[in-house]
Amino acid sequence: MNSSGPRFRFAPSPTGYFHVGGARTALFNWALATSTGGTFVLRIEDTDEARNRPEWTDGILSALEWLGIDSSSPTFEGPYFQSSYADEHLRAADRLFENGYAYYCEMSPDDIAQRAKAEGVTGYNGWSRDLGLEPGPGRVLRFKVPEGSTIVRDQVRGDVEFDHSVIEDFVLVRSNGTPVFNLANVVDDMSMGITNVIRAEEHLPNTPKQQMIWTALDREPPVWGHVPVLVNEQRKKLSKRRDKVALEQYRDEGILSDAMVNYLMTLGWSAGDDREILPWDEITSLFALGDVNLSPAFFDVKKLAAFNGEYIRMMSEDEFAAACDPWLPDDWDRATFAAIAPHVQPRLVTFSEVSGVVDFIFNGVEYDEASWDKVMTTDVAAPLLDESILRYSAVDNWQADNLKAILEHIMEPFGLKLGKAQAPVRVAVTGRTVGPPLFESLEVIGQSETLSRLRHARGRIST
Ligand code: GLU
């Protein structure tokens, strides 16, 4: 165990796809562990047997690697699995009982509901506190919440005070003998020497309870930091039913990990100037929890896409072609793709789109009917195509610049701007009105194939 620097941790539960909010929490911890010369401990909180699945744990591990949270780095420690420490959790529970910080209670949830109703109170009112019950089947262990209040010192939110009058004597060990989250989480943090707990805001209500357990076990609580939640466009908390929240999904759509990391780190935090695109080293050297915005952060999928576009444009041509490779069908000729790739790179947003952008080069033309109707039903379409076929047949220098100059010459008598004049050629050759730059595409497709497509389209126009 590296005990020289601060010890951060990330403690996900493997109960579903890896959430982008979890990714952000992990990155905040990783950035701080890195910049402080500390340690990032990964603890998988796998105690919910009904909801855990080994593939979710694998998903967490691979997602962290994808984010650059490198398990082979000296900063990284773990993974530890919470389920291995149940005995330790229960030993701590015994200590709390023996030292008078906790007591057994045999009231069932129904008993509690009935008594609360009869007495006109809400929740459990410490009814078994002074009964002196010993451990036994069907009994839960409850923490004896003292009078007063707890102040949580939070690096994001400042001091937050919780009045104990609104915290009931909470359960530490269930009637079936299993420890609850608050106990297991604290005992693990203690035994793993955690000094800084940085996690999602939704855990803030747990924190006074956890801090009471730390104190009752005679230990200094860690430094806390609760980071605001991520919300969608309607300012609602991101939810897996409503929103696209799985990190894997973005990865599988071709968002680059560097773009995702940069975007997540600058959600609710900024480097203090206008720059948003920042290399990881700079992010880590500047990142501070005190600068994280207190309001919920809008996870803007469009902005993420824009970040991805920026990162795509920062790649060299070779890097870009290599990054596209897994997204292309195996039988597409890579040299042909390399010829068009530099013209795709400036416009691409996610890699999953790449094959759809250039498929007309490899698969032949398939007309998009809306594009056809818009462009090929105009009066100029047929004469323009006739002229193009005539002039392009005579070309012996099949190069983009030359092909452009020829079309500019053709369009003069029609009084059209280039955009309008190239539309019929584009639809004839690519099938649609939008796509990579036209003349570069024609160059890659080649003279005979271009002419054959132009003739075919011309034949399809009835006039
Ligand atoms: N296992 C908890 C969760 O996934 C996190 C606990 C914590 O960070 O303290 O929500």
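See above for the structure.
Numbering of residues begins from 1 in every chain and follows the order in which that chain's sequence is written. Local features in a predicted model are, by the rule used here, given only for residues with pLDDT of at least 70; side-chain atom pairs are given and counted only at 80 or more, and totals for whole chains, interfaces and linings are based on all residues. Heavy atoms from the whole structure form the basis of all side-chain values; hydrogens and water molecules are not counted.

Engineer: How do you make sense of the overall build of the chain when you look at a structure like this?
Structural biologist: Labels follow the DSSP assignment, with helices taken as runs of H or I lasting at least four residues and strands as runs of E lasting at least two, numbered in each case from the N terminus. From N to C terminus, the chain includes 19 helices and twelve strands. Against the 2.2 N^0.38 benchmark of 23 Å for 463 residues, the chain shows a C-alpha radius of gyration of 31 Å, more extended than a compact globule. Only protein chains enter the calculation, and the probe is 1.4 Å; a residue is then buried if its accessible area is under 20% of its type maximum, exposed if over 50%, and partly exposed in between. A buried classification covers 48% of the 463 residues belonging to the chain. Residue contacts are counted whenever heavy atoms from the two residues lie within 4.5 Å of one another. Counting contacts in the chain only where the partners sit at least 6 residues apart, residues at least 24 apart contribute 75% of the total. Counting rule for charge: Lys and Arg are taken as positive, Asp and Glu as negative, and neither His nor the chain ends is counted. Charge positions are represented by NZ for Lys, CZ for Arg, CG for Asp and CD for Glu. Of note, the chain has its 45 positive side-chain charges centred 5 Å away from the centre of its 69 negative side-chain charges. The reference for a compact globule is 2.2 Å times residues^0.38; the radius of gyration itself is calculated from the C-alpha atoms.

Engineer: How should unusual backbone geometry be read in this particular structure?
Structural biologist: Among all residues except glycine, the phi angle is most often negative; among peptide bonds, the trans geometry is most common. The amide bond that connects Gly78 to the next residue, Pro79, takes the cis arrangement and shows omega of 5°. The topology assignment puts Pro79 in strand 3 (residues 76-81). Although it is not a glycine, Asp218 adopts a positive phi angle of roughly 65°. For Asp218, the location among the structural elements is in the loop between helix 6 (207-216) and strand 10 (223-227).

Engineer: Whenever I open this one, the sheet that holds strand 4 (residues 102-105) confuses me. Can you help?
Structural biologist: Pairing between strands is defined by DSSP: at least two bridges between the two strands are required. Judged by pairing direction, the sheet is antiparallel, and its three strands sit side by side in the order 4-5-8 without closing on themselves. Across the chains shown, the open sheet's two edge strands, defined by having one partner strand only, are strand 4 and strand 8 (171-173). Across this sheet, the average inter-strand angle for adjacent strands is 40°, counted without regard to direction. As judged from the two bridges shared by strand 5 (residues 140-143) and strand 8, these two strands associate in the antiparallel manner. The partner of Arg142 across the bridge, within strand 8, is Val171. With respect to the sheet, helix 3 (residues 86-98) is in contact with strand 4, strand 5 and strand 8, its orientation differing from that of strand 4 by roughly 100°. Angles shown run from 0 to 180 degrees and are taken between the N-to-C directions of axes, each axis being a line fitted to C-alpha atoms and, for helices, limited to the stretch in contact.

Engineer: Teacher, can you tell me more about helix 3 here?
Structural biologist: Note that an α-helix has 3.6 residues per turn; residues three or four places apart therefore point the same way. A helix is expected to reach a length of 1.5 Å times the quantity of its residues less one. Taking 1.5 Å per residue as the helical rise, helix 3 with its 13 residues ought to reach 18 Å, and the 18 Å between its terminal C-alpha atoms agrees with that figure. Along helix 3, the residues classified as buried are His89, Ala92, Ala93 and Leu96. For helix 3, the angular spread of buried residues about the axis comes to 105°, placing them on one side. Turned more than 90 degrees away from the buried face of helix 3, the exposed residues are Asp87, Arg91 and Glu98. On its buried side, helix 3 packs onto strand 4, strand 5, strand 8, helix 5 (181-191) and helix 6. One or two positions beyond helix 3, positive phi appears at Gly100, with a value near 85°. What the arc describes is the spread of directions from the helix axis to the C-beta atoms.

Engineer: Honestly, the site of the ligand in this entry has me stumped. Any pointers?
Structural biologist: Around the ligand sit Arg9, Ala11, Pro12, Ser13, Glu45, Phe181, Asn185, Arg199 and His203, and that is every residue in its neighbourhood. Methods summary: accessible areas were calculated by the Shrake-Rupley approach with a probe of 1.4 Å, and residue burial reflects only the protein chains presented. Taking 300 Å² as the accessible area of the ligand by itself, protein coverage stands at 81%. For the shell around the ligand, the residue count by class is three nonpolar, three polar and three charged. Nearness here has a simple test: a residue counts as near a molecule or strand if at least one of its heavy atoms is within 4 Å of that partner. Three classes are used, and their members are as follows: Ala, Val, Leu, Ile, Met, Phe, Trp, Tyr, Cys and Pro are nonpolar, Asp, Glu, Lys and Arg are charged, and the others, Gly among them, are polar.

Engineer: Please explain the nonpolar core as it appears in this structure.
Structural biologist: A general trend in soluble globular proteins is that nonpolar side chains are found buried together. In these notes, a set of buried Ala, Val, Leu, Ile, Met, Phe, Trp, Tyr and Cys residues joined through side-chain atoms within 4.5 Å is what counts as a nonpolar core. Residues Leu67, Met260, Phe299, Met376 and Tyr392 are the most contacted members of the largest nonpolar core, which totals 100 residues. Sort the elements by how many residues they give to this core and helix 1 (residues 20-35) lands first, with nine residues. Leaving out residues up to four positions away in the same chain, Leu67 has contacts with Phe18, Ala23, Leu27, Leu247, Met260 and Val261. Of all hydrophobic cores here, the second largest spans 31 residues; its members include Val197, Leu204, Trp214 and Leu217.

Engineer: I tried to follow the packing of aromatic side chains on my own but got confused; where do I start?
Structural biologist: Given two aromatic rings, one states the distance between the centres and the angle between the planes to describe the pair. Here a pair means two rings of Phe, Tyr or Trp (six-membered ring of Trp) with centres within 6.5 Å. Their orientation is stacked below 30 degrees between planes, edge-to-face above 60, and tilted elsewhere. On inspection of all chains with the given rule, the structure shows 17 aromatic pairs. Consider the rings of Tyr392 and Trp398, whose centres lie 5.6 Å apart with planes at 75°: the pair is edge-to-face. Each member of the pair, Tyr392 together with Trp398, is buried. Connected via pairs of aromatic rings, a cluster forms that spans Phe10, Phe18, Trp30, Phe40 and Phe76. Put simply, a charge is over a ring when the Lys NZ or the Arg CZ is close to the ring centre, within 6 Å, and near the line of the ring normal, within 35 degrees. Just above the ring of Trp372 sits the side chain of Arg460; from NZ or CZ to the centre is 4.4 Å.

Engineer: Sorry, what's going on with the side chain of Gln210 here?
Structural biologist: Within the fold, Gln210 resides in helix 6. Judged by its relative accessible area of 0%, Gln210 falls in the buried class. Once residues lying within four places of it in the same chain are set aside, the contact partners of Gln210 are Phe181, Asn182, Asn185, Val186, Arg199 and Trp224.

Engineer: What is the right way to read the environment of Phe362 from this model?
Structural biologist: Along the polypeptide, Phe362 turns up in helix 13 (residues 354-363). For Phe362, a relative accessible area of 21% corresponds to the partly exposed category. Through-space distance from the C-alpha of Phe362 to that of Asp333 is 8.1 Å; in sequence the pair is 29 residues apart. In contact with Phe362, not counting residues within four places along its chain, are Trp332, Asp333, Thr336 and Phe337.

Engineer: So what exactly am I meant to see when it comes to the pattern of salt bridges here?
Structural biologist: Pairing of side chains with opposite charge becomes possible as their charged atoms draw close. Counted as salt bridges are all cases of a side-chain nitrogen of Lys or Arg within 4 Å of a carboxyl oxygen of Asp or Glu. Taken as a whole and assessed by the stated rule, the structure comprises 26 salt bridges. Among the salt bridges present, the one from Asp189 reaches Arg9, with a minimum N-O distance of 3.1 Å. Residue Asp189 is located in helix 5, and its partner Arg9 is located in strand 1 (residues 7-10); the two are separated by 180 residues in the primary sequence. Residue Arg9 is classed as buried on the basis of its relative accessible area, which comes to 3%. Here the residues in one salt-bridge network are Arg9, Arg43, Glu45, Asp188 and Asp189, joined through shared partners.

Engineer: Can you help me understand the packing of helix 8 (residues 257-265) against helix 10 (residues 301-314) in this one?
Structural biologist: Relative placement of two packed helices is described by the angle separating their axes and the distance separating the axes. Packing of helix 8 against helix 10 brings their axes to within 9 Å, and their N-to-C directions diverge by 130°. As judged from the angle between their axes, helix 8 and helix 10 are oblique. As for the relative orientation of helix 8 and helix 10, their crossing is right-handed in sense. Residues Asp258, Ala259, Met260, Asn262 and Tyr263 of helix 8 pack against Lys303, Leu304, Phe307, Asn308 and Tyr311 of helix 10. Looking at side-chain class alone, the contact of helix 8 with helix 10 contains six nonpolar, two polar and two charged residues. For classification purposes, an angle smaller than 35 degrees is called roughly parallel, one larger than 145 roughly antiparallel, one from 65 to 115 roughly perpendicular, and anything else oblique. Crossing chirality is assigned from the near helix's rotation relative to the far helix, an anticlockwise turn below a right angle marking it left-handed and a clockwise turn marking it right-handed.

Engineer: How should I be thinking about helix 5 in this particular structure?
Structural biologist: Across the eleven residues that make up helix 5, a large majority, nine, are buried. Those residues of helix 5 lying buried are Asn182, Leu183, Ala184, Asn185, Val186, Val187, Asp188, Asp189 and Met190. Buried residues along helix 5 sit against strand 1, strand 2 (39-44), helix 3, strand 8, strand 9 (196-200) and helix 6. Once helix 5 ends, the next one or two residues include Gly193, with phi positive near 65°.

These figures capture arrangement, not role.
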